[in-house]
Amino acid sequence: MIEQTDIAGSFILPGTSIAVNRMGYGAMQLAGRDGDKLVWGPPRDVEGAIAVLREAVASGVNHIDTADFYGPHITNQIIKKALSPYPDDLVIVTKISARRGDDGSWIPAFSREELTAQVHDNLRNLGLDVLDVVNLRSMFSIHEPAEGSIEGPITVLAELQQKGLIRHIGLSNVTAAQIAEARQIAPIVCVQNMYNLVQRSDDALIDDLAHDGIAYVPFFPLGGFSPLQSAALSDVAARLGATPMQVALAWLLQRSPNILLIPGTSSIEHLRENLKASTLQLASEVVAELDSIGRASGH
Ligand SMILES: NC(=O)c1ccc[n+]([C@@H]2O[C@H](COP(=O)([O-])OP(=O)(O)OC[C@H]3O[C@@H](n4cnc5c(N)ncnc54)[C@H](OP(=O)(O)O)[C@@H]3O)[C@@H](O)[C@H]2O)c1
(Lines give C-alpha, C1' and ligand atoms only; values in the text may rest on other atoms or scores of the structure.)
Protein backbone atom coordinates (compact mmCIF):
# COMPACT_ATOMS: atom_id res chain seq x y z
CA MET A 1 0.00 0.00 0.00
CA ILE A 2 1.37 3.36 -0.99
CA GLU A 3 1.40 5.95 1.75
CA GLN A 4 -0.45 9.21 1.12
CA THR A 5 1.99 12.09 1.31
CA ASP A 6 1.82 15.83 0.98
CA ILE A 7 4.05 15.66 -2.06
CA ALA A 8 5.92 18.84 -2.91
CA GLY A 9 3.88 20.80 -0.37
CA SER A 10 0.52 22.30 -1.08
CA PHE A 11 -0.96 25.55 -2.39
CA ILE A 12 -4.28 27.08 -1.39
CA LEU A 13 -6.31 28.33 -4.32
CA PRO A 14 -6.99 32.03 -3.69
CA GLY A 15 -10.23 32.92 -1.93
CA THR A 16 -10.92 29.25 -1.18
CA SER A 17 -10.02 26.66 1.43
CA ILE A 18 -8.90 24.24 -1.30
CA ALA A 19 -5.36 22.99 -0.73
CA VAL A 20 -3.91 21.17 -3.72
CA ASN A 21 -0.65 19.29 -3.65
CA ARG A 22 1.81 21.04 -5.92
CA MET A 23 2.56 17.77 -7.71
CA GLY A 24 -0.56 16.96 -9.71
CA TYR A 25 -1.30 14.98 -12.82
CA GLY A 26 -2.37 15.93 -16.36
CA ALA A 27 -4.72 13.41 -17.96
CA MET A 28 -4.41 14.37 -21.64
CA GLN A 29 -1.98 11.54 -22.41
CA LEU A 30 -4.59 8.97 -21.37
CA ALA A 31 -6.58 9.34 -24.60
CA GLY A 32 -5.49 7.39 -27.65
CA ARG A 33 -4.16 8.39 -31.04
CA ASP A 34 -5.33 7.58 -34.55
CA GLY A 35 -2.60 8.35 -37.08
CA ASP A 36 -2.23 12.13 -37.12
CA LYS A 37 -5.18 12.58 -34.79
CA LEU A 38 -3.60 13.15 -31.39
CA VAL A 39 -5.52 12.81 -28.10
CA TRP A 40 -8.15 10.91 -30.06
CA GLY A 41 -10.13 7.79 -29.33
CA PRO A 42 -9.55 5.24 -26.60
CA PRO A 43 -6.06 4.32 -25.41
CA ARG A 44 -4.63 0.94 -26.41
CA ASP A 45 -4.61 -0.08 -22.74
CA VAL A 46 -7.66 1.24 -20.86
CA GLU A 47 -6.85 -0.80 -17.74
CA GLY A 48 -3.33 0.68 -17.79
CA ALA A 49 -4.80 4.20 -17.94
CA ILE A 50 -7.05 3.40 -14.98
CA ALA A 51 -4.06 2.06 -13.06
CA VAL A 52 -2.08 5.28 -13.69
CA LEU A 53 -4.92 7.42 -12.30
CA ARG A 54 -5.43 5.21 -9.25
CA GLU A 55 -1.73 5.14 -8.46
CA ALA A 56 -1.46 8.91 -8.85
CA VAL A 57 -4.23 9.47 -6.29
CA ALA A 58 -2.94 6.74 -3.97
CA SER A 59 0.46 8.47 -4.06
CA GLY A 60 -0.96 11.80 -2.87
CA VAL A 61 -1.94 13.57 -6.09
CA ASN A 62 -5.16 15.54 -5.46
CA HIS A 63 -5.16 17.77 -8.55
CA ILE A 64 -6.02 16.26 -11.92
CA ASP A 65 -6.20 18.31 -15.10
CA THR A 66 -8.51 17.22 -17.91
CA ALA A 67 -10.87 18.39 -20.68
CA ASP A 68 -13.89 16.83 -22.28
CA PHE A 69 -12.30 17.43 -25.69
CA TYR A 70 -9.57 14.88 -24.83
CA GLY A 71 -10.71 11.82 -26.74
CA PRO A 72 -13.21 13.58 -27.06
CA HIS A 73 -15.09 12.52 -23.88
CA ILE A 74 -12.91 9.46 -23.37
CA THR A 75 -10.38 10.86 -20.89
CA ASN A 76 -13.17 12.11 -18.62
CA GLN A 77 -14.95 8.76 -18.86
CA ILE A 78 -11.74 6.96 -17.87
CA ILE A 79 -11.27 9.34 -14.91
CA LYS A 80 -14.82 8.56 -13.76
CA LYS A 81 -14.30 4.82 -14.14
CA ALA A 82 -10.99 4.92 -12.27
CA LEU A 83 -11.79 7.30 -9.43
CA SER A 84 -15.55 7.74 -8.89
CA PRO A 85 -16.82 7.97 -6.20
CA TYR A 86 -14.12 10.60 -5.87
CA PRO A 87 -12.04 11.23 -2.74
CA ASP A 88 -13.29 14.36 -0.90
CA ASP A 89 -10.03 16.25 -1.40
CA LEU A 90 -9.63 15.52 -5.12
CA VAL A 91 -9.75 18.65 -7.30
CA ILE A 92 -10.54 17.98 -10.95
CA VAL A 93 -9.78 20.94 -13.18
CA THR A 94 -11.26 20.94 -16.66
CA LYS A 95 -11.18 23.39 -19.54
CA ILE A 96 -13.69 24.53 -22.12
CA SER A 97 -13.98 26.61 -25.32
CA ALA A 98 -12.99 24.07 -27.98
CA ARG A 99 -14.47 21.12 -29.80
CA ARG A 100 -12.87 18.50 -31.99
CA GLY A 101 -13.33 18.23 -35.74
CA ASP A 102 -13.65 14.80 -37.37
CA ASP A 103 -10.09 15.26 -38.61
CA GLY A 104 -8.88 15.63 -35.00
CA SER A 105 -8.56 19.43 -35.21
CA TRP A 106 -9.24 21.73 -32.23
CA ILE A 107 -12.00 24.16 -33.16
CA PRO A 108 -12.85 27.29 -31.12
CA ALA A 109 -16.27 26.93 -29.47
CA PHE A 110 -17.06 29.75 -27.09
CA SER A 111 -20.57 30.92 -27.83
CA ARG A 112 -22.91 30.94 -24.82
CA GLU A 113 -24.59 27.73 -26.06
CA GLU A 114 -21.30 25.94 -26.75
CA LEU A 115 -19.76 26.85 -23.38
CA THR A 116 -22.88 25.80 -21.51
CA ALA A 117 -23.04 22.50 -23.41
CA GLN A 118 -19.36 21.83 -22.64
CA VAL A 119 -19.93 22.35 -18.91
CA HIS A 120 -22.77 19.83 -19.07
CA ASP A 121 -20.61 17.41 -21.11
CA ASN A 122 -17.91 17.60 -18.41
CA LEU A 123 -20.45 17.10 -15.61
CA ARG A 124 -21.98 14.07 -17.35
CA ASN A 125 -18.76 12.37 -18.41
CA LEU A 126 -17.02 12.94 -15.07
CA GLY A 127 -20.16 11.95 -13.16
CA LEU A 128 -20.27 15.17 -11.11
CA ASP A 129 -23.02 17.62 -10.04
CA VAL A 130 -20.60 20.54 -9.88
CA LEU A 131 -17.17 21.13 -11.45
CA ASP A 132 -14.38 22.17 -9.03
CA VAL A 133 -12.51 24.45 -11.43
CA VAL A 134 -13.21 25.29 -15.07
CA ASN A 135 -10.52 27.00 -17.13
CA LEU A 136 -11.66 29.12 -20.04
CA ARG A 137 -9.09 28.36 -22.76
CA SER A 138 -8.60 31.33 -25.03
CA MET A 139 -8.58 30.31 -28.70
CA PHE A 140 -7.67 33.54 -30.55
CA SER A 141 -4.56 31.55 -31.46
CA ILE A 142 -4.59 27.85 -30.74
CA HIS A 143 -0.89 27.48 -29.98
CA GLU A 144 -0.08 30.59 -27.95
CA PRO A 145 -1.77 33.43 -26.08
CA ALA A 146 -3.10 36.11 -28.43
CA GLU A 147 -4.91 39.33 -27.57
CA GLY A 148 -8.69 39.62 -27.86
CA SER A 149 -11.50 40.31 -25.43
CA ILE A 150 -12.73 37.35 -23.34
CA GLU A 151 -15.42 39.40 -21.59
CA GLY A 152 -18.30 37.51 -23.26
CA PRO A 153 -17.20 33.95 -22.43
CA ILE A 154 -16.04 34.85 -18.90
CA THR A 155 -19.43 36.42 -18.24
CA VAL A 156 -21.06 33.13 -19.29
CA LEU A 157 -18.76 31.18 -16.93
CA ALA A 158 -19.56 33.58 -14.08
CA GLU A 159 -23.26 32.96 -14.67
CA LEU A 160 -22.75 29.19 -14.67
CA GLN A 161 -20.81 29.64 -11.41
CA GLN A 162 -23.73 31.59 -9.92
CA LYS A 163 -26.05 28.77 -11.00
CA GLY A 164 -23.89 26.37 -8.98
CA LEU A 165 -22.49 24.31 -11.87
CA ILE A 166 -18.91 25.58 -11.40
CA ARG A 167 -17.12 26.27 -8.10
CA HIS A 168 -14.12 28.23 -9.36
CA ILE A 169 -12.90 29.77 -12.62
CA GLY A 170 -9.45 29.67 -14.20
CA LEU A 171 -7.94 30.73 -17.52
CA SER A 172 -5.72 29.07 -20.08
CA ASN A 173 -3.61 30.23 -23.03
CA VAL A 174 -4.07 33.84 -21.96
CA THR A 175 -2.24 37.16 -21.92
CA ALA A 176 -1.80 39.43 -18.89
CA ALA A 177 -4.43 41.80 -20.38
CA GLN A 178 -6.97 38.97 -20.64
CA ILE A 179 -6.30 37.94 -17.02
CA ALA A 180 -6.89 41.54 -15.90
CA GLU A 181 -10.09 41.71 -17.98
CA ALA A 182 -11.41 38.44 -16.52
CA ARG A 183 -10.60 39.48 -12.93
CA GLN A 184 -12.95 42.46 -13.35
CA ILE A 185 -15.76 39.96 -13.93
CA ALA A 186 -15.02 36.99 -11.65
CA PRO A 187 -12.33 35.79 -9.23
CA ILE A 188 -9.66 33.78 -11.08
CA VAL A 189 -7.96 30.99 -9.10
CA CYS A 190 -5.46 29.66 -11.65
CA VAL A 191 -3.82 30.32 -15.01
CA GLN A 192 -2.67 27.49 -17.26
CA ASN A 193 -0.22 28.48 -20.02
CA MET A 194 2.66 26.75 -21.78
CA TYR A 195 5.85 27.04 -19.74
CA ASN A 196 8.91 24.88 -19.07
CA LEU A 197 12.70 25.05 -18.80
CA VAL A 198 12.94 26.08 -22.45
CA GLN A 199 9.69 27.98 -23.07
CA ARG A 200 9.87 30.90 -20.64
CA SER A 201 7.72 33.64 -22.18
CA ASP A 202 5.62 33.83 -18.99
CA ASP A 203 8.46 34.54 -16.54
CA ALA A 204 7.15 38.00 -15.58
CA LEU A 205 3.53 36.84 -15.55
CA ILE A 206 4.34 34.04 -13.10
CA ASP A 207 5.87 36.52 -10.68
CA ASP A 208 2.87 38.86 -10.98
CA LEU A 209 0.42 36.00 -10.34
CA ALA A 210 2.51 34.81 -7.37
CA HIS A 211 2.21 38.32 -5.94
CA ASP A 212 -1.59 38.05 -6.19
CA GLY A 213 -1.69 34.47 -4.83
CA ILE A 214 -3.01 33.00 -8.10
CA ALA A 215 -1.82 29.54 -9.11
CA TYR A 216 0.21 29.17 -12.32
CA VAL A 217 -0.11 25.72 -13.87
CA PRO A 218 2.34 25.18 -16.73
CA PHE A 219 1.12 22.93 -19.52
CA PHE A 220 3.77 20.96 -21.43
CA PRO A 221 5.98 21.04 -18.28
CA LEU A 222 8.10 18.30 -19.86
CA GLY A 223 7.95 19.78 -23.34
CA GLY A 224 4.67 18.15 -24.43
CA PHE A 225 4.43 15.64 -27.27
CA SER A 226 8.20 15.85 -27.83
CA PRO A 227 9.69 15.79 -24.32
CA LEU A 228 12.55 18.22 -23.58
CA GLN A 229 15.99 17.29 -24.82
CA SER A 230 19.02 19.27 -23.81
CA ALA A 231 22.64 18.29 -23.26
CA ALA A 232 22.84 20.69 -20.30
CA LEU A 233 19.74 19.15 -18.72
CA SER A 234 21.03 15.61 -19.23
CA ASP A 235 24.38 16.63 -17.78
CA VAL A 236 22.80 18.09 -14.61
CA ALA A 237 20.55 15.03 -14.25
CA ALA A 238 23.49 12.63 -14.53
CA ARG A 239 25.40 14.54 -11.85
CA LEU A 240 22.40 14.47 -9.49
CA GLY A 241 21.61 10.81 -10.10
CA ALA A 242 18.17 11.85 -11.39
CA THR A 243 16.49 11.74 -14.78
CA PRO A 244 16.20 14.80 -17.06
CA MET A 245 12.40 14.82 -16.60
CA GLN A 246 12.78 14.83 -12.79
CA VAL A 247 15.18 17.76 -12.99
CA ALA A 248 12.81 19.66 -15.32
CA LEU A 249 9.96 19.19 -12.81
CA ALA A 250 12.09 20.01 -9.75
CA TRP A 251 13.22 23.21 -11.50
CA LEU A 252 9.57 24.22 -11.98
CA LEU A 253 8.74 23.51 -8.33
CA GLN A 254 11.62 25.72 -7.25
CA ARG A 255 10.87 28.43 -9.86
CA SER A 256 7.94 29.88 -7.90
CA PRO A 257 5.73 28.75 -4.99
CA ASN A 258 2.54 29.36 -7.00
CA ILE A 259 3.53 26.83 -9.69
CA LEU A 260 1.42 23.66 -9.62
CA LEU A 261 2.59 20.73 -11.74
CA ILE A 262 0.43 18.57 -14.00
CA PRO A 263 2.93 16.40 -15.91
CA GLY A 264 1.17 14.04 -18.28
CA THR A 265 1.96 10.39 -18.78
CA SER A 266 0.28 7.19 -19.84
CA SER A 267 2.99 5.12 -18.15
CA ILE A 268 3.03 4.01 -14.54
CA GLU A 269 6.84 3.95 -14.56
CA HIS A 270 6.96 7.55 -15.79
CA LEU A 271 4.34 8.54 -13.21
CA ARG A 272 6.49 7.12 -10.40
CA GLU A 273 9.57 8.82 -11.81
CA ASN A 274 7.77 12.16 -12.08
CA LEU A 275 6.30 12.03 -8.56
CA LYS A 276 9.79 11.47 -7.12
CA ALA A 277 10.84 14.83 -8.56
CA SER A 278 9.09 16.45 -5.59
CA THR A 279 11.92 15.26 -3.33
CA LEU A 280 14.74 16.61 -5.53
CA GLN A 281 16.37 19.80 -4.20
CA LEU A 282 18.37 21.86 -6.69
CA ALA A 283 21.24 24.00 -5.40
CA SER A 284 21.29 27.62 -6.57
CA GLU A 285 24.26 27.05 -8.90
CA VAL A 286 22.38 24.16 -10.53
CA VAL A 287 19.32 26.38 -10.98
CA ALA A 288 21.57 28.99 -12.63
CA GLU A 289 22.95 26.33 -14.97
CA LEU A 290 19.41 25.23 -15.87
CA ASP A 291 18.31 28.84 -16.39
CA SER A 292 20.92 29.13 -19.13
CA ILE A 293 18.98 26.53 -21.18
CA GLY A 294 16.06 28.94 -21.57
CA ARG A 295 18.41 31.81 -22.41
CA ALA A 296 20.26 29.72 -25.01
CA SER A 297 16.95 28.89 -26.69
CA GLY A 298 16.14 32.60 -26.99
CA HIS A 299 13.44 32.78 -24.32
N1 LIG B 1 -4.38 24.29 -21.46
C2 LIG B 1 -3.89 23.74 -22.54
O3 LIG B 1 -4.01 24.29 -23.64
C4 LIG B 1 -3.16 22.44 -22.46
C5 LIG B 1 -2.42 21.99 -23.57
C6 LIG B 1 -1.74 20.80 -23.45
C7 LIG B 1 -1.78 20.08 -22.27
N8 LIG B 1 -2.52 20.52 -21.22
C9 LIG B 1 -2.54 19.81 -19.92
O10 LIG B 1 -1.22 19.75 -19.44
C11 LIG B 1 -0.88 18.41 -19.10
C12 LIG B 1 0.60 18.21 -19.29
O13 LIG B 1 0.95 18.36 -20.66
P14 LIG B 1 1.31 17.13 -21.60
O15 LIG B 1 0.90 15.86 -21.00
O16 LIG B 1 0.79 17.46 -22.95
O17 LIG B 1 2.87 17.28 -21.74
P18 LIG B 1 4.09 17.02 -20.73
O19 LIG B 1 3.59 16.74 -19.37
O20 LIG B 1 5.05 18.13 -20.93
O21 LIG B 1 4.77 15.74 -21.36
C22 LIG B 1 4.07 14.60 -21.66
C23 LIG B 1 4.97 13.76 -22.57
O24 LIG B 1 6.13 13.39 -21.85
C25 LIG B 1 6.22 11.97 -21.74
N26 LIG B 1 6.69 11.69 -20.39
C27 LIG B 1 6.06 11.92 -19.22
N28 LIG B 1 6.82 11.57 -18.17
C29 LIG B 1 7.98 11.11 -18.69
C30 LIG B 1 9.16 10.60 -18.14
N31 LIG B 1 9.32 10.49 -16.82
N32 LIG B 1 10.17 10.19 -18.98
C33 LIG B 1 10.02 10.30 -20.32
N34 LIG B 1 8.92 10.77 -20.92
C35 LIG B 1 7.90 11.18 -20.11
C36 LIG B 1 4.84 11.45 -22.01
O37 LIG B 1 4.89 10.17 -22.62
P38 LIG B 1 4.41 8.84 -21.82
O39 LIG B 1 2.93 8.82 -21.87
O40 LIG B 1 5.04 7.75 -22.62
O41 LIG B 1 4.98 8.95 -20.45
C42 LIG B 1 4.31 12.48 -23.00
O43 LIG B 1 4.78 12.19 -24.31
C44 LIG B 1 -1.76 17.58 -20.04
O45 LIG B 1 -1.86 16.25 -19.58
C46 LIG B 1 -3.03 18.38 -20.03
O47 LIG B 1 -3.82 18.01 -18.90
C48 LIG B 1 -3.20 21.71 -21.30
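These figures come from a predicted structure and were not determined experimentally.

The rules behind these values
Residues numbered from 1 in each chain as written. Predicted model: local features only at pLDDT ≥ 70, side-chain atom pairs only at ≥ 80, totals over all residues. Heavy atoms only, no water. Pairing = 2+ DSSP bridges. Helix = DSSP H or I, 4+ residues; strand = E, 2+ residues; numbered from the N terminus. Near = heavy atom within 4 Å. Polar contact = N/O pair within 3.5 Å; in protein donor to acceptor, adjacent residues only side chain to side chain. Areas by Shrake-Rupley, 256 points an atom, 1.4 Å probe, with all protein chains shown as cover. Nonpolar A, V, L, I, M, F, W, Y, C, P; charged D, E, K, R; others polar. Axes fitted to C-alpha atoms, helices over the stretch in contact; angles between N-to-C directions. Parallel < 35°, antiparallel > 145°, perpendicular 65-115°, else oblique. Contact = heavy atoms within 4.5 Å. Expected span 1.5 Å × (residues − 1). Buried < 20%, exposed > 50% of the residue type's maximum accessible area, 1.4 Å probe, protein only. Arc of directions from axis to C-beta. Phe/Tyr/Trp six-rings, centres within 6.5 Å; stacked < 30°, edge-to-face > 60°.

**Concerning the sheet that holds strand S3 (residues 25–26)**
Working step 1: Strand order in this open sheet of seven strands is S3-S4-S5-S8-S9-S10-S11, and the pairing throughout is parallel. One side of each edge strand has no neighbouring strand; the edge strands of this open sheet are S3 and strand S11 (215–216).
Working step 2: Strand direction decides the pairing type here: strand S5 (residues 91–96) and strand S8 (residues 131–137), joined by four bridges, are parallel. Looking across to S8, one finds that Lys95 is bridged to Asn135.

**Some remarks on the site of the ligand**
Working step 1: The environment of the ligand is made up of 26 residues, and the closest members are Asp65, Arg137, Leu222, Thr265 and His270.
Working step 2: The contact in question runs from an oxygen atom of the ligand to an N or O atom on the side chain of Thr265, over 2.5 Å.
Working step 3: Relative to its free-state accessible area of 900 Å², the ligand is covered by the protein chains to the extent of 88%.
Working step 4: The element best represented in the shell around the ligand is helix H9 (residues 268–276), accounting for three residues.
Working step 5: Among the residues forming the shell around the ligand, the class breakdown is 11 nonpolar, 11 polar and four charged.

**Here's the deal with the packing of helix H8 (residues 244–255) against helix H10 (residues 284–296)**
Working step 1: Close contact between H8 and H10 brings their axes to 11 Å; oriented N to C, the two are set at 105 degrees. Relative to H10, the element H8 is oriented roughly perpendicular. Every residue of H10 that contacts H8 at Val247, Trp251 and Gln254 is listed here: Val287, Leu290 and Asp291.
Working step 2: A per-class count over the contact of H8 with H10 returns four nonpolar, one polar and one charged.

**What about H10?**
Working step 1: Over its 13 residues, H10 extends 19 Å from the first C-alpha to the last, a length consistent with the 18 Å expected when each residue adds 1.5 Å.
Working step 2: Within H10, the full set of buried residues consists of Val286, Leu290, Asp291, Ile293 and Gly294. Axial view of H10: buried residues confined to an arc of 140 degrees, hence all on one face. More than 90 degrees from the buried face of H10, the exposed residues found are Ser284, Glu285, Arg295 and Ala296.
Working step 3: Taken together, the buried residues of H10 touch helix H7 (231–240) and H8.

**Quick notes on the packing of aromatic side chains**
Working step 1: All told, the structure shown has eight aromatic pairs when counted by the stated rule.
Working step 2: Pairing Tyr70 with Trp106 gives two aromatic rings, centres 6.4 Å apart and planes at 80 degrees, and the pair type is edge-to-face. One end of the pair, Tyr70, is in the loop between strand S4 (63–65) and helix H2 (74–83); the other, Trp106, is in strand S7 (residues 106–108), and 36 residues separate them in sequence.
Working step 3: With a relative accessible area of 26%, Trp106 lands in the partly exposed category.
Working step 4: Residues Tyr195 and Trp251 carry aromatic rings whose centres are separated by 6.0 Å and whose planes lie at 20 degrees to one another, so their mutual orientation is stacked.

Keep in mind these values describe shape, not function.
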